[in-house]
Amino acid sequence: MSDRLNEILPKERILTEEQMDRHTTFRTGGPARYFLVIETRKELAQVLAWLQEEALPWFLLGNGSNLLVGDRGYRGAILHLAGEFLKTEIDEATIRCGAGAMLSAVSRSAMEAGLTGLEFASGIPGTIGGAVRMNAGAYNGEIAGVTESVEVMEPDGKCRVYNREEMAFGYRTSIVKTKPCVVLSTVLKLQKGDRSEISATMQELSAKRREKQPLEYPSAGSTFKRPEGYFAGKLIMDAGLAGASVGGAQVSEKHCGFVINRKNATSADVAGLIQKVIETVQEKFGVTLEPEVIFLGDFEK
């Protein structure tokens, strides 16, 4: 292990050959060469400088809820934000939250403060940083609609703030998805509302999720982006793929837009099933499905 890295982080926050099935909601994935838990901006800047010196690839991991890591792992560094990056502060109708804060927890804090606008996100199992990066959304809401500004750190350790317009939000994308930078914090602008009404809406959306989504199995949520003019789940169902499987991975019969880890699936199983779905839907309907899931690491057998 690098002496320099030991000077930056305490040894208990430097994990080597860490199995990524412990850190992804698919519950699959091989070992990462380094898994680094970072608690301060100073540590982050120093780690980014070290990665550059070592010419090591890196990936910023939130809750692992939109990620498929290859069975042979990832030969770079996984960065995971903790410590100061978990803080959430509320001032009037403004919420400043660290990139590592869970979106569901921030939504609850908003509800408790009587702030409306984030109800749609109450069941999304990701972090604020991940949500901003991919403009997470559900039930006709998107994080773009409530974001005022986003602070990031560039690979050279410099920080900058993007306002909402500069974030270039789009469907499941933003400027920070296309740039090698780390989201540090986000300022959300909500509206004053009635706490009981906000709570009721969140409970209603939670009930919808339980009814319509296969939450009892490991998955990455919606596996595919919504193709223009179509719904991915309906295309997959109409292609006769409900319940289709590769190894332990299966197209959920409850919601065909979800690929689930039904029984001890490997990442190769999941990747193979995703490819099978893409090919079948393309062949039957001429529509190209694009995965929402990020593929990371080595998928060679």
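Scroll up to find the structure this text is about.
Anyway, here's the lowdown on the structure attached to this text. Throughout, residues of each chain are indexed from 1 in the direction in which the sequence is written. Reporting of local features is limited, given that this is a predicted model, to residues whose pLDDT is at least 70; pairs of side-chain atoms are given and counted only at 80 or more, and all residues count toward the totals for whole chains, interfaces and linings. Hydrogens and waters are ignored; side-chain quantities use all the structure's heavy atoms.

### Quick word on the pattern of salt bridges
A side chain of one charge can pair with a side chain of the opposite charge if their charged atoms are brought near each other. Spelled out, the test is: Counted as salt bridges are all cases of a side-chain nitrogen of Lys or Arg within 4 Å of a carboxyl oxygen of Asp or Glu. A run of H or I in DSSP becomes a helix once it reaches four residues, and a run of E becomes a strand once it reaches two; helices and strands are each numbered from the N terminus.
Counting across every chain of the model gives 12 salt bridges. Glutamate 84 is the partner of arginine 41 in a salt bridge, and the nearest nitrogen-oxygen pair spans 3.7 Å. Residue arginine 41 is found in helix H2 (residues 41-54), and its partner glutamate 84 is found in the loop between strand E5 (74-81) and strand E6 (88-91); the two are separated by 43 residues along the sequence. Bridged by salt links that share partners, the residues Arg13, Glu39 and Glu43 form one connected network.

### Thoughts on the sheet that holds strand E1 (residues 14-19)
Applied cut-off: In this analysis, strands are considered paired if DSSP registers two or more bridges between them. Angles run from 0 to 180 degrees between N-to-C directions of axes, and those axes are lines fitted to C-alpha atoms, restricted for helices to the stretch in contact.
The four strands lie next to each other as E1-E2-E5-E3, forming an open sheet whose pairing is mixed. The open sheet has two edge strands with one neighbour each: E1 and strand E3 (58-61). With strand direction ignored, the average angle separating the axes of adjacent strands in the sheet is 30°. With four bridges connecting them, E3 and E5 associate as parallel partners. Across the sheet, residue phenylalanine 59 finds its bridge partner in E5, namely isoleucine 78.

### Notes on helix H3 (residues 103-112)
The following threshold applies: Working definition: with a 1.4 Å probe on protein chains only, accessible area under 20% of the residue-type maximum means buried, over 50% means exposed, and in between means partly exposed. By definition, the arc is the one covered by directions from the helix axis to the C-beta atoms. Contact between two residues is taken to exist if any of their heavy atoms lie within 4.5 Å; hydrogens are not considered.
Within the span of H3, buried status applies to Leu103, Ser104, Val106, Ser107, Ala110 and Met111. Projection of H3 onto a plane perpendicular to its axis shows the buried side chains occupying an angular sector of 160°, all on one side. At its buried positions, H3 is contacted by E6, strand E7 (94-98), strand E8 (115-116), helix H4 (128-134), strand E13 (182-189) and helix H6 (195-212). With its phi angle positive at about 70°, glycine 114 sits one or two positions after the end of H3.

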